[in-house]
Structures are given as structure tokens and as C-alpha cells.
Amino acid sequence: MNTSTPAPTRAPGPSGAPTGRAPAPDLARGVMLLAIAFAHAPLFVTDAGRGPGLANEITSFFHMVFVNNHARPLFAFLFGYSLVQLLNRRLARGDEWVSARKLLRRRGWWLVAIGFAHVVLLVPIDILATYGLAAVLLVGLLRRSDRALLWIAGLVMVPATIMVGGAMGFPLSQGIPTFAKGSIATDGAGFGELLSGRVTSWPVTLAVGLLMVVPGVLIGMWAGRRGYLDEPERHRSFLVRAAVITTALSVAGSVPAALLQAGWWTHPSGAALWPASFAQPLTGYAGGIGMAAIVALVAIRAARGRFRTAVEALGQRSMTFYLFQSVAFLLVFSPYGLWLEDDLGLAAATGVGAATWLVSLLIAELMRRAGHRGPAEILLRRLAYRTRQDVSGPR
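Keep in mind that what you see is a predicted model, and the values were worked out from it rather than measured.

Colleague: Lay out the environment of Val 327 in plain terms, naming residues and giving numbers.
Modeller: The residue Val 327 is located in helix 12 (residues 318-333) in this model. Relative accessible area serves as the criterion here: at 36%, Val 327 is assigned to the partly exposed category. Between the C-alpha atom of Val 327 and that of Ala 376, which follows or precedes it by 49 residues, the distance is 14 Å.

As C-alpha cells, then:
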């Protein structure tokens with residue numbers, strides 16, 4: 001071991017003492033929640049074009065380059081990374097592979113159940129069930145070789161890119177923003193009608209979402225084996241190269257689609273539109289990796305101030321505040337709250353997403369100071385872990 005390499009700095013607990021957690025994964029999850037808030041909030045409005053045209057165009061470009069190419073891929077990468085972390089903790093406690101695998105699968109099934117409840121009770125967009133099913137199906141690959149993980153990830157990227165690129169290209173070819181096709185605004189529908197539509201479409205949405213996230217989850221598993229986020233100091237040079245290359249690739253691949261989405265590139269030929277539509281989701285996987293690498297580098301360099309500590313606290317409670325976002329968006333956009341779905345456009349809805357994240361940040365920091373874990377995280381542990389020792393053990 002190289003004694004000149006500094007040990008990874010651990011995140012502080014409520015009293016300021018180290019908790020034993022590497023800060024980079026939590027910091028990345030906190031940033032990820034901002035990207036998810038940006039991605040989901042505009043889906044609650046009936047007309048994304050409402051409001052100042054230039055502001056909406058700029059926001060649309062920002063969404064395609066930053067949000068679409070980072071939010072879901074980053075979440076998938078971090079979820080795969082966390083599977084390795086959970087497995088390593090169980091093995092370090094003396095569990096055998098079979099019992100650890102059963103635990104991860106049981107945890108995945110409970111995520112599916114919580115995700116289904118999320119869809120039924122709150123909103124029709126959910127990623128918890130998608131990642132829970134991914135854990136159930138992919139946990140066996142944790143014992144496969146690195147080459148197997150990367151080959152499977154590459155193979156699944158092909159149909160995933162075709163599916164997402166096609167879904168994006170058809171509305172863009174008709175001059176329709178992808179936000180309009182993806183809107184989940186109630187549009188005056190009653191609860192019974194909304195519930196019926198959610199339940200019947202959920203299996204299809206789950207299958208489509210699974211296909212989209214599998215490559216990112218597998219790449220995250222590969223990265224987790226190397227501890228890139230747990231010990232970023234040891235991998236600084238690799239992380240710099242990864243951040244530069246993957247971010248450049250992601251931006252280059254998303255700019256053509258962003259120009260189309262913003263309306264700044266009009267009447268493209270089919271030979272130009274379809275490659276642009278397929279390039280965006282393909283390079284999005286690189287964007288997720290690049291964002292994770294950037295956050296890991298920030299974890300090395302940035303001083304531990306109040307803001308960073310709050311972002312890490314948010315990341316430690318990411319499941320709780322992912323669900324909190326759904327509640328907040330319902331209160332702002334739906335007829336059961338302020339009913340602003342007909343009044344706000346893309347730029348304003350994105351602002352609501354940012355405000356929701358800032359409120360989450362404040363609440364998470366208050367919870368950290370009070371020594372409270374996230375209630376959703378506590379629920380999942382109690383459901384998935386069978387013994388009191390498991391529930392109270394290290395996270």
C-alpha cells in the first residue's frame with residue numbers, strides 16, 4: 001500500500017464525528033435528486049410552451065444536454081454501485097454469498113412493492129420499482145467477471161437506445177416537444193380514471209424502464225468493485241480522464257437533439273434527425289458516468305462546508321426525498337393542491353423543481369442535526385432485513 005495516498009475522508013454524523021461512510025456516493029445521490037427534480041417537474045404541466053418563449057427554449061436546451069443525459073443514467077450508475085457496497089458489507093460481516101444474494105433480492109422485491117404503492121397513491125412516474133426489479137434480476141451477476149458485466153451492458157444498450165431514440169425521434173419529427181408526449185398532468189381527470197390508467201400501464205412502464213437502466217446499473221457494479229467513489233483519492237487520475245472524456249462525449253451527443261427540442265434547428269432532414277435522436281440516449285450513459293466522476297473529484301477538492309454537508313445528508317436519505325418530490329409536485333400542480341398545471345410552462349416548472357430540491361436540502365440537514373434517518377430508508381430496512389441485528393447494523 002502506498003502510504004502517501006491519503007485515506008478517504010468520511011462523512012460526519014450529527015455531532016461532526018465520522019460515520020464510516022465515504023462521502024462521494026452520498027454527495028452524488030444528493031446531486032442526482034436535483035437532476036431528477038428537473039426531469040420530473042415539467043411532466044406535471046399541460047403545456048410546456050406556456051410562458052416566456054426564450055426562457056422555455058433555453059430551459060429546453062438545458063434539459064436535453066444536462067438533465068436527460070445525466071439524471072436517469074446517474075441514478076442507474078449509483079444504484080449498481082450501491083449493490084456492490086451492500087454485498088461487501090454483508091460479506092464483511094461473515095455472511096455467505098447465498099444469504100447475501102437472498103437479502104439483496106428480498107430488498108429488491110420490497111422496492112418493487114414500494115414503487116407500486118408510489119404509483120397508486122401518488123404519481124404515475126416511478127423509478128423505485130424499476131431498480132428493485134433490476135436488483136432482483138441482476139444480483140446474480142455480482143459474481144460474474146468484469147468482462148461479462150461490460151459486455152452485457154453494451155449489448156443491452158443497443159435495444160435501449162433504439163427504443164428511447166425512436167420514442168424521441170417521432171415527436172421531434174412532427175415538431176412536438178418530447179415534454180408534451182411525456183406529460184402526466186391530470187388535465188381534469190378524476191382519481192378513479194387516473195388510478196385505472198396507472199395500474200394498467202404500470203407493467204409496461206416497468207419493463208421499458210428496466211431495459212433503459214440495465215446498462216447503467218451494470219457499469220455501476222463494475223465501478224463499485226474498484227471503489228472509484230469510495231476512495232476517489234486513489235483513483236484521481238482515472239476520474240479526471242473519465243470526467244473529461246465521458247462529459248465531452250455526452251455533450252457532443254446531446255447537442256443536436258437539444259437544438260431540435262429548443263426549436264433552434266428547424267426542418268432537419270430524416271438523415272440528420274434520426275442519428276441525433278439515437279445519439280442522445282446512447283451518450284446519456286456516458287453523461288451519468290461523467291457526473292459521478294465529477295462529483296467524486298469535488299469530494300476530494302471541496303472544503304466540507306455547510307452546503308456540502310447538507311447535500312451529503314440529502315444523499316443519505318435519497319429514497320425519502322425522492323418520494324418527497326412526488327408529494328411536493330402534487331401539492332403544486334394537481335387539482336388536489338394549488339392546481340398550477342395549466343398555468344406554468346417548462347421554465348417555471350423547472351424552477352419549481354429547483355425550489356423543491358432546496359427545501360429537501362434544508363429538511364435533510366435538519367434531520368442530520370437531529371440524528372434522524374430517512375423514514376423510507378428505515379421502512380425498507382425493516383421490511384428487507386429479518387433480524388434486529390440486521391436492521392441496526394451498518395447502512
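Structure shown, so let's carry the discussion forward.
Colleague: Talk me through the packing of aromatic side chains; I want residue IDs and the actual numbers.
Modeller: Remark: the centre distance and the inter-plane angle together describe each pair of aromatic rings, the angle taken between the planes. Applying the stated criterion across every chain, the model contains 16 aromatic pairs. Residues Phe 170 and Trp 274 carry aromatic rings whose centres are separated by 5.1 Å and whose planes lie at 75° to one another, so their mutual orientation is edge-to-face. With Phe 170 in helix 6 (residues 146-173) and Trp 274 in helix 10 (residues 270-301), this residue pair connects regions lying 104 residues apart in the sequence. Measuring from centroid to centroid gives 6.3 Å for Phe 307 and Trp 357, while their planes differ by 65°, and the two rings are edge-to-face. Taken together, the residues span a long stretch of sequence, with Phe 307 in helix 11 (residues 306-316) and Trp 357 in helix 13 (residues 346-370) at a distance of 50 residues. The class for Phe 307 is exposed, based on a relative accessible area of 53%. In textbook terms, an aromatic cluster arises when at least three aromatic residues are bridged by ring pairs, as seen for Phe 38, Phe 62 and Phe 66.

Colleague: Explain the nonpolar core to me, using residue names and the numbers behind them.
Modeller: Core analysis: the largest hydrophobic core is formed by 88 residues, its most contacted members being Phe 77, Tyr 131, Leu 142, Val 217, Leu 218 and Met 221. Among the elements that take part in this core, helix 3 (residues 71-92) stands out by supplying 12 residues, more than any other. When residues no more than four places from it in sequence are discounted, the contact partners of Phe 77 are Gly 216, Val 217, Ile 219, Gly 220, Ala 223, Leu 229, Ile 289 and Ala 292. Membership of the second largest hydrophobic core comes to 18 residues, among which are Ala 37, Leu 43, Ile 184 and Ala 349.

Colleague: Can you tell me about the pattern of salt bridges, naming the residues and giving the values?
Modeller: Per the counting criterion, the structure on display carries 8 salt bridges. Across the salt bridge formed by Arg 29 and Asp 26, the nearest N and O atoms sit 3.2 Å from each other. Taken together, the residues Arg 29 and Asp 26, both in helix 1 (residues 23-40) and 3 residues apart, mark about one turn of the helix. Here Arg 29 and Asp 26 have matching classes, each one buried.

Colleague: Outline helix 6, supporting the account with residue identities and numerical values.
Modeller: Between its first and last C-alpha, helix 6 extends 39 Å over 28 residues, near the 40 Å set by a 1.5 Å rise per residue. The axis of helix 6 is deflected most strongly, by about 25°, at Met 157, and proline Pro 159 appears within four residues downstream.

Colleague: Explain helix 10 residue by residue, including any values.
Modeller: With 32 residues, helix 10 should cover 46 Å at 1.5 Å per step; its first-to-last C-alpha distance of 45 Å lies within 8% of that length. Along helix 10, the sharpest kink reaches roughly 30°, centred on Gly 284.

Colleague: Describe the environment of Leu 172, and please don't skip the residues or the numbers.
Modeller: Structurally, the position occupied by Leu 172 is in helix 6. C-alpha separation for the pair Leu 172 and Trp 274, spaced 102 residues apart in sequence, amounts to 9.4 Å. For Leu 172, the contacting residues outside a window of four places in its chain are Thr 178, Leu 260, Gln 261, Leu 273 and Ser 277.

Colleague: How would you summarise the packing of helix 5 (residues 128-138) against helix 8 (residues 191-226) if you had to cite specific residues and measurements?
Modeller: To characterise two packed helices, one gives the angle between the axes of the helices and the distance between these axes. Two elements in contact, helix 5 and helix 8, have axes separated by 8 Å at closest approach and are oriented at 60°. One way to sum up the angle between helix 5 and helix 8 is to call them oblique. The two elements helix 5 and helix 8 meet at a crossing, and its hand is right-handed. On the side of helix 5, the interface is formed by Ala 129, Thr 130, Tyr 131, Leu 133, Ala 134, Leu 137 and Leu 138, while helix 8 contributes Trp 202, Leu 206, Gly 209, Leu 210, Val 213, Val 214, Val 217, Leu 218 and Met 221.

Analysis parameters
Residues numbered from 1 in each chain as written. Predicted model: local features only at pLDDT ≥ 70, side-chain atom pairs only at ≥ 80, totals over all residues. Heavy atoms only, no water. Helix = DSSP H or I, 4+ residues; strand = E, 2+ residues; numbered from the N terminus. Buried < 20%, exposed > 50% of the residue type's maximum accessible area, 1.4 Å probe, protein only. Phe/Tyr/Trp six-rings, centres within 6.5 Å; stacked < 30°, edge-to-face > 60°. Core = buried A, V, L, I, M, F, W, Y, C linked by side-chain atoms within 4.5 Å. Contact = heavy atoms within 4.5 Å. Salt bridge = Lys/Arg side-chain N within 4 Å of Asp/Glu carboxyl O. Expected span 1.5 Å × (residues − 1). Bend = angle between axes of the 7 residues up to and from the residue. Axes fitted to C-alpha atoms, helices over the stretch in contact; angles between N-to-C directions. Parallel < 35°, antiparallel > 145°, perpendicular 65-115°, else oblique. Left-handed = near helix turned anticlockwise from the far one by under 90°.

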